Amino acid sequence: MPVPSSEARTSRRRSTDRGRGRRCVQSRPSPQGLVWVEVVRMTGKSLLLKVILLGDGGVGKSSLMNRYVTDRFDSQSFHTIGVEFLNRDLEVDGRLVTLQIWDTAGQERFKSLRTPFYRGADCCLLTFAVNDLHSFQNLGGWKKEFMYYSDVKDPEHFPFVVLGNKVDMDQREVGAEEARAWCEENGCCPYFETSAKDDTNVTAAFEAAVREVLAAEDQLDHALLSSTIDLHGNRKTPRASCC
Ligand SMILES: Nc1nc2c(ncn2[C@@H]2O[C@H](COP(=O)(O)OP(=O)(O)OP(=O)(O)O)[C@@H](O)[C@H]2O)c(=O)[nH]1
């Protein structure tokens, strides 16, 4: 397999570190010695979230990332080979977040270069172009590919956001209602109609991805705090009464 760029390698290392550093889960006995509580720690001031852009070649993934991070649009952009990433800091609902956006190559011939980078993603942005029906019909395939290679622990609750890009173009082949219906059938993920070219909804879409992740994490933290575990990490249902 070709070696990823040094930037990509650095990021991979960091995203692994993040897995260890961001959430240190400790088990401690309660004063009664019966119940175990979990303490979730945040390290550093900002939460590092990895989001990944997937979709057919040419739908505008790189352009969306570049518009959001550098506020530029290139009408002659090249196909991505493998993966690239950019970071942007932002504040969402009072929480500081470093968003690490991974842009992947949509062309089939680069599949083996992109799939190793799916692991550790916190959210997946499934992207199509509204003037390209085929790219919309392929969304299910992209979701499947992501689920297969990302090794997500809780597939049912993993956050996805769907982006219908190039809404600035006249020749539309996919309607907003059709796209929303797909989202509804595929787990109610939020849908955004975007244009990297004229900067329509780009910020809103990335912020929605962050909100989806934070909501999923809050749910998980809540579940962890209200459950109990024994010394070997096996969950136990709390007993209704002592003795
Ligand atoms: N009109 C219009 N053109 C866009 C938009 N977004 C991207 N493009 C153009 O579409 C072409 C492909 O854009 P990319 O961002 O390279 O697409 P990609 O999905 O990253 O493609 P791969 O790297 O092959 O996976 C480029 O010529 C862009 O300028 C948009 O919102 N509107």
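Bear in mind that the values here come from a model prediction, so they are computed numbers and not experimental data.

Chemist: Just to check I follow, could you spell out the pairing of strand β5 (residues 95-104) for this structure?
Modeler: Two faces, one strand: in a regular strand the side chains alternate between the faces of the sheet. Burial of β5 is extensive: eight of the 10 residues sit out of reach of the surface. As defined by bridge partners, strand β4 (residues 83-92) adjoins β5 across 10 bridges and the pair is classed as antiparallel. From the neighbouring strand, Leu90 faces β5, where its bridge partner is Val97. Joining the antiparallel neighbours β4 and β5 is a turn of two residues, in which Asp93 adopts a positive phi near 50 degrees.

Chemist: Before we go on, may I ask you to explain the confidence of the model for the protein in this structure?
Modeler: Low pLDDT means the predicted coordinates in that region are not meant to be read closely. Overall, the predicted model of the protein reaches an average pLDDT of 80, with 72% of residues at or above 70. Confidence drops under a pLDDT of 50 for residues 1-43, and excluding neighbours within four residues, the segment shows 73 contacts in the predicted structure. Below a pLDDT of 50 lies the segment residues 236-243, which in the model reaches six contacts outside its immediate sequence neighbourhood of four places, other chains included. The ipTM, which scores confidence in the relative placement of chains, is 0.99 for this predicted complex, and the corresponding pTM is 0.78.

Chemist: What am I meant to see in unusual backbone geometry here?
Modeler: Excluding glycine, residues mostly carry a negative phi; peptide bonds, for their part, are mostly trans. In the Ramachandran plot, Lys166 falls in the positive-phi region, its phi being about 70 degrees despite a non-glycine side chain. Along the chain, Lys166 turns up in the loop between β7 (160-165) and α6 (176-185). The exposure class of Lys166 is partly exposed, given its relative accessible area of 23%. Here the phi dihedral of Asn201 falls at roughly 60 degrees; this positive angle occurs in a residue that is not glycine. Topologically, Asn201 is positioned in the loop between β8 (191-193) and α7 (202-226). Residue class for Asn201 comes out partly exposed when judged on its relative accessible area of 35%.

About the thresholds
Residues numbered from 1 in each chain as written. Predicted model: local features only at pLDDT ≥ 70, side-chain atom pairs only at ≥ 80, totals over all residues. Heavy atoms only, no water. Buried < 20%, exposed > 50% of the residue type's maximum accessible area, 1.4 Å probe, protein only. Helix = DSSP H or I, 4+ residues; strand = E, 2+ residues; numbered from the N terminus. Pairing = 2+ DSSP bridges. pLDDT = per-residue confidence, 0-100. Contact = heavy atoms within 4.5 Å.

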